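Listed below, chain by chain, are the residues.
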Amino acid sequence: MLELVTISTLNGVLYGMLLFLMASGLTLIFSMMGVLNFAHASFYMLGAFFGFQISQVLGFWPAFVVAPVLVGGIGALVERYGLRHVHRHGPVAELLFTFGLAFVIEEVVQMIWGKGPADYRVPAALDFSAFTVFSTNYPAYKMFELLTAVAIFAVLFTVLTRTRVGLIIQASLTHSHMVAMLGHNVPRVFMLVFGVGTGLAAVAGVIAGPALVTQSNMAGALGPILFVVVVVGGLGSLTGAFLASLLIGLVQTFAVSINLSVADVLRGIGVPPPASGVLFDVWDVTVAQIAPIIPYLLLVLILIFRPTGLMGTREH
Amino acid sequence: MSDVASDAVKVPAPGGLSSAGPAAVVRLAAPWTALAVAFSILPTIFTSGSALTMLSMMGIMIVFALSYNMLLGETGLLSFGHAVYYGLGGFLAVHAMNTVIHDALPVPLLVIPLVGGFSGLLFGIIFGSVSTRRAGTVFAMISLGLGELVASSSLILRGFFGGEEGVSTNRTKLLHVFGLNFGPQIQVYYLIAGWCLLCMVAMYALTRTPFGRMCNAVRDNPERVQFVGYNPRTLRFIAFSLAGLFAGIAGALAAINFELVNSAEVGAGQSGLVLLAAYIGGIGSFMGPVIGAVLVTWLEVMLSDVTDVWQLYFGLLFIGMVMFAPNGIAGLLMMHAPLWQARAYGSMLRLALAYLVALVPALVLLAGLILVIEMTYHLTVKGSEGTTISVFHVALDAASTIPWVAAAVLTFGGFWLFRLTWPVVGAAWHDAFAHGRAK
Amino acid sequence: MIAPAVELIDLRKNFDATQIIRGVSLAVPAGERHAIIGPNGAGKSTLFNLISGRLTPTSGTVQLNGEDVTGLPPHQINRRGLSRSFQVTNIFPRLSVWENVRCAVLWSLGHKYAFWRGIEGLADVRERTETILEAVELTGRRRVQAGVLTYAEQRALEIGITIAGGAGIMLLDEPSAGMSVAEAARAVALIRKVSEGRTLIMIEHDMGVVFDIADRISVLVYGQIIASDVPARIKQDSAVQAAYLGTAP
């Protein structure tokens, strides 16, 4: 039991960190440019596939460095030649542009790599057991993922708070016009932020690809959860995104390991199951089965009780 | 080249029954009667079985896309999960049909779409009470989340959603009225056409009510709406519920047409498709989504026969429209409305000629792009089936360099020539409008 | 003794640590034309936002005709008979001038969310809209899309939307801002005409307009009212002069 809790906590925190790696980029882009990048999970997917392809040729470690840079570069180009052009048509058009982009990226990935999973493997150097928790071996690769995520956040935090560029970015988050009038090249800052944001998503993809599955439906599976994270956390709040990522990461991971069904609970209080009908299915549902939809249930609850999200402001 | 605010500065005067009298009634009913006549005679022009099926699909899509535009175009609500109400309408309709058949109830097929409508309204109210608490980007994300919630539930509630195979039915087994058993596609077409017309009239009428006008107002300036006494949330909630109602009817029509509903109908793909259809057609006018629905259905059927990667072309078309023609096809047409109203036919002809001049290099560019896409596809995934392909009836080997050189020439050359024609079009445009204004 | 049309009791508003409105108390009797003046940044628009429900006060009370409306959302306050215009024109840009005004008359005529009734057939709506358009002299521009009107026309439309609902209490936020002398004179005549028999509270910088229209003037400085009196006495008030012109060193 304790073993299950420990493993689930580790896995849950890891999943939460991966979510935050993506949600942080998304939040930065949103706070800065006012556009919610619908294609954010697509850049995550590109990171995974680029990582896979490059690791086939050059090995995992070069791929780890090159893939996010490439994807971030593509992101910057998308901002420069696509998003910037659409900006004048309003926020709906911007969101729709990123929606179309997500669609096209998925089609292109499918076209090039097919619909099946890619054989993206954990590098041999990390393919061992880091430590043993009770009777389960915890893979070193997962520790690597965790450490990478933490390291990246440390770097990001330092850059944002202690460098000149970081200061400009922080200022542009709320007062981009003023920053422009002070002589800074705000469009270039936008391009940088978009590139870095998508690059972060790509890093998540490169390291998560071997552990989870690398397939053309990755973006479609993770995208909605990502948006639930930012809405639950409060749109535009990095702290909120962090809390929500951890919350959803832990809840989903724990839920998957709980085999309690509705029937078990109701039988415990003396309610007999129905013989047939629509609700018959619901009776046998276990918590593990509804784990994929728990984020959405959380979304509904937040909307009823705290519509601006955990840390959201009234404005957004 | 265009921006979202329409160039048509004069908004058409409200006609209608205010200026009472038979002339006004005729003016009001004329377009709809013409449409009814057109719907009726279409099968005599397009007689093949596949054409009838496509026409039926178009009818369904028209209702679905119009219901979507009640949200986006009329009220400013961008939803990524509208297929929920469409799909649930379909599911409730099939279950109703199966119950009617099983219990031999005296219910004719003609009224089954009402079941879809009821379902759409019910779920629209339930989910709308939660969704419409926020607007804008957050609303869009909520709609996405709810859509995923319902789509994922389909794996759990296997009894209702029928698992992977879905739920099937037989539309000929319901009560026959007027000797119609709705087995042949032509009968189904007329059923769909009739309901489509009914829904179109209803949705248009809604735009001409106090509620409909305030929906436009809340789209343009939700803050000011409050200061004239209206609660924006209530407006959005009602719009959402009614949009669900009509989406449900569309879903029921689809259930009748295909005699099968599966969980894909509530999924993100279906939601994306109706968004594409409405947007490409043009969300700024009532008939825009109709145009989009017809075009998208046609492309979906025709393109998927020609190439495997038709969805990629769809996506690229969509992005192109978002970037260069955000008001859709209807918007592009309406840009020319002042010329039409001023009867500046000479100017319009010259403009059309300029468009033609620009069209040629544009087609060359398009050919180049298609070549690149198709060859890439055949080099990568389909490479196992050999790299020879047939593009525009010309056999090419995607693995050799010559076709790639040709593609590069077509693409870059076409783009360069296309750019050269832009000033020509610009000049023709200025001339046309200078003339038009002078009149 | 009938309640004043608008009464503010020790109204305060903080934004985080900053106090913008620091205890404003004011009573405007029904039918009075009241102007609020003051230097930039005094909090005049914030005060309007508090009265009209756009912002919630940190503490204090807002009463309309004796009823406590503190913290109610804007549409509820509007339904209780208060209407306001905006300093930055806040119209429906894609609708025509006619439709703009029509939207503003619907609720007060009781049509609410009716989606079962055609709007073209509603004679009361048509007549009221026509009347308002005549009052703001935009009849000839009725079919023009509001977004392409000239600035002065948009300001006139702004006033039109504000009065369309027949509210008994009108809040006008710098109605003559950005206007030429001639346009301002026309605006003044219009405001005087439409505020006949109603309560008017007006924020204005143009002293000519203020002394032309106002029965009483309140001076707001740094979130507090330093003087509230008839125009003649305000002109003489030393505190007001100091606030505007500064004190001698």
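Residues numbered from 1 in each chain as written. Chains lettered and ligands numbered in written order. Predicted model: local features only at pLDDT ≥ 70, side-chain atom pairs only at ≥ 80, totals over all residues.

Draft legend 1. The overall build of chain B, seen in detail. Secondary structure assignment for chain B yields 17 helices and four strands. Taking 439 residues into account, the globule formula puts the C-alpha radius of gyration at 22 Å, and chain B, at 24 Å, falls close to it. If you line up chain B on its principal axes, its C-alpha atoms span 65 × 65 × 45 Å. Of all 439 residues assigned to chain B, the portion counted as buried reaches 47%. Long-range pairs, those at least 24 residues apart, make up 79% of the contacts in chain B between residues at least 6 apart in sequence. (Helix = DSSP H or I, 4+ residues; strand = E, 2+ residues; numbered from the N terminus. Rg over C-alpha atoms; globule rule 2.2 N^0.38 Å. Buried ≥ 20, exposed ≤ 12 C-beta atoms within 10 Å, placed from the backbone. Contact = placed C-beta atoms within 7 Å.)

Draft legend 2. View of the overall build of chain C. Broken down by element type, chain C carries nine helices and ten strands. Scaling as 2.2 N^0.38, a compact globule of 249 residues should have a C-alpha radius of gyration of about 18 Å, and chain C matches this with 19 Å. Over its C-alpha atoms, taken along the principal directions, chain C stretches across nearly 65 × 40 × 40 Å. For chain C, the proportion of its 249 residues judged to be buried stands at 45%. Within chain C, contacts between residues separated by at least 24 positions form 65% of all contacts whose residues are at least 6 apart in sequence.

Draft legend 3. Representation of the domain arrangement of chain B. Examined at the domain level, chain B breaks down into domain 1 (21-333) and domain 2 (338-438). Measuring from the centre of the C-alpha atoms in domain 1 of chain B to the corresponding centre in domain 2 of chain B gives 33 Å. (Domains from an automatic or database assignment.)

Draft legend 4. Here's a closer look at the interface of chain B and chain A. On the side of chain A, 43 residues touch chain B, which itself brings 40 residues to the contact. Mapped by element, the contributors of at least two residues to the side of chain B that touches chain A are helix H5 (136-156), helix H6 (158-161), helix H11 (268-281), helix H13 (310-324) and helix H16 (345-380) of chain B. Ranked by residue count, the leading element in the side of chain B that touches chain A is H5(B), at 13 residues. Looking at the side of chain B that touches chain A, its residues break down into 25 nonpolar, ten polar and five charged. (Nonpolar A, V, L, I, M, F, W, Y, C, P; charged D, E, K, R; others polar.)

Draft legend 5. Representation of the pairing of strand E8 (residues 199-203) of chain C in the model. All names here are of chain C. Taking burial as the measure, the five residues of E8 include five buried ones, the bulk of the element. Judged by which residues are buried, E8 turns out to be covered on both faces: Thr199, Ile201 and Ile203 on one side and Leu200 and Met202 on the other are all buried. Note: strand E3 (residues 33-37) against E8, four bridges, orientation parallel. Directly across from His34, in E8, lies its bridge partner Ile201. The pairing of strand E7 (residues 169-173) with E8 spans five bridges and is parallel. Following the sheet pairing, Leu172 is matched in E8 by Met202. Tracing the backbone out of E7, into helix H6 (residues 181-194) and back to the parallel element E8 gives a crossover that is right-handed. (Pairing = 2+ DSSP bridges. Right-handed = clockwise from strand over helix to strand, strands pointing away.)

Draft legend 6. Quick look at the pairing of strand E9 (residues 216-221) of chain C. Residue and element names in this part refer to chain C. Judged from the four bridges that link them, E3 and E9 form a sheet pairing that is parallel. Looking across to E9, one finds that His34 is bridged to Arg216. Summarising the sheet, E9 and strand E10 (residues 224-229) pair through five bridges and their orientation is antiparallel. The partner of Val221 across the bridge, within E10, is Gln224. With antiparallel pairing between neighbouring strands as the criterion, E9 and E10 make up a hairpin whose turn holds two residues, including Tyr222 at a positive phi of roughly 50°.

Draft legend 7. Seen up close, the interface of chain C and chain B. The partner chain B presents 32 residues to the 39 residues of chain C that form the contact. Taken together, the elements giving at least two residues each to the side of chain C that touches chain B come down to helix H2 (74-79), strand E6 (82-84) and helix H3 (97-106) of chain C. Class assignment for the residues of the side of chain C that touches chain B results in 17 nonpolar, 13 polar and nine charged.

Draft legend 8. Structural detail: the sheet that holds E8(C). Residues and elements named next belong to chain C. Strand order in the open sheet made by the six strands is E6-E7-E8-E3-E9-E10, with mixed pairing throughout. In this open sheet, the two edge strands, each paired with only one partner strand, are E6 and E10. Neighbour-to-neighbour, the strand axes of the sheet open up by a mean angle of 15°, direction not taken into account. Contacting E3, E6, E7, E8 and E9, helix H1 (residues 44-52) crosses the sheet at an angle of about 150° to E7. (Axes fitted to C-alpha atoms, helices over the stretch in contact; angles between N-to-C directions.)

Draft legend 9. Expanded view of the packing of helix H7 (residues 185-207) of chain B against helix H10 (residues 232-258) of chain B. Residue and element names in this part refer to chain B. Two numbers describe how H7 lies on H10: the axes approach to 11 Å, and their chain directions differ by 175°. Relative to H10, H7 is oriented roughly antiparallel. Only Leu242, Phe246, Ile249, Leu253, Ile256 and Asn257 of H10 make contact with H7, whose side of the interface consists of Val188, Leu191, Ile192, Trp195, Cys199, Met203 and Leu206. (Parallel < 35°, antiparallel > 145°, perpendicular 65-115°, else oblique.)

Draft legend 10. How the structure looks around the sheet that holds strand E1 (residues 6-15) of chain C. Residues and elements named next belong to chain C. Pairing is antiparallel across the open sheet formed by four strands, whose spatial order is E2-E1-E4-E5. At either end of the open sheet lies a strand with only one pairing partner, and these are strand E2 (18-28) and strand E5 (67-68). Note that E1 and strand E4 (residues 59-64) share five bridges and pair antiparallel. Residue pairing in the sheet places Arg12 in a bridge with Ser59 of E4. Lying over the sheet, H1 contacts E1, E2 and E4, oriented at roughly 65° with respect to E2.

Draft legend 11. A look at unusual backbone geometry. The backbone of Glu259(B) sits at a positive phi, close to 55°, despite the residue not being glycine. Inspection of the secondary structure puts Glu259(B) in the loop between H10 and strand E2 (260-261). For Glu259(B), a count of 16 C-beta atoms within 10 Å puts it in the partly exposed group. For Asn65(C), which is not glycine, the phi torsion reads 50° and is therefore positive. Structurally, Asn65(C) can be placed in the loop between E4 and E5. Taking the number of C-beta atoms within 10 Å as the measure of exposure, Asn65(C) has 18 and is therefore partly exposed.

Draft legend 12. Representation of helix H9 (residues 238-256) of chain A. Spanning 19 residues, H9(A) covers 27 Å between terminal C-alpha atoms, matching the ideal 27 Å at 1.5 Å per step. Residues of H9(A) that are buried sit in contact with helix H1 (2-33), helix H8 (218-233), helix H12 (287-290) and helix H13 (294-305) of chain A. (Expected span 1.5 Å × (residues − 1).)

Draft legend 13. Examining the domain arrangement of chain C more closely. Residue and element names in this part refer to chain C. Entries for chain C in the domain assignment read domain 1 (1-81 + 168-178 + 198-249) and domain 2 (88-166). On a C-alpha basis, the centres of domain 1 and domain 2 stand 27 Å from each other. Of the residues lining the interface, four residues belong to domain 1; the matching set on domain 2 comes to five residues.

Draft legend 14. Structural detail: the nonpolar core. One finds Tyr44(A), Leu226(A), Val229(A), Val63(B) and Phe246(B) to be the most contacted residues of the largest nonpolar core, which totals 278 residues. With 17 residues, H10(B) is the largest single contributor of residues to this core. Those residues in contact with Tyr44(A) that sit more than four places away from it in its chain are Met22(A), Ala201(A), Ala202(A), Ala204(A), Gly205(A), Met218(A), Ala219(A) and Leu222(A). (Core = buried A, V, L, I, M, F, W, Y, C linked by C-beta atoms within 7 Å.)

Draft legend 15. A look at the environment of Phe227(B). Mapped onto the fold, Phe227(B) is located in the loop between helix H9 (222-226) and H10. In this structure Phe227(B) touches Ser52(C), Pro74(C), Asn78(C), Ser83(C) and Arg84(C), once residues within four positions along its chain are discounted.

Draft legend 16. Representation of the confidence of the model for chain C in the model. Across chain C, pLDDT averages 88, with 98% of residues at or above 70. We note a pTM of 0.89 for the whole complex and an ipTM of 0.89 for its interfaces. (pLDDT = per-residue confidence, 0-100.)

Draft legend 17. Geometry of the environment of Phe64(B). Assignment of secondary structure puts Phe64(B) in helix H2 (residues 49-75). Between the alpha carbons of Phe64(B) and Ala250(B) there is a distance of 5.4 Å; along the sequence they are 186 residues apart.

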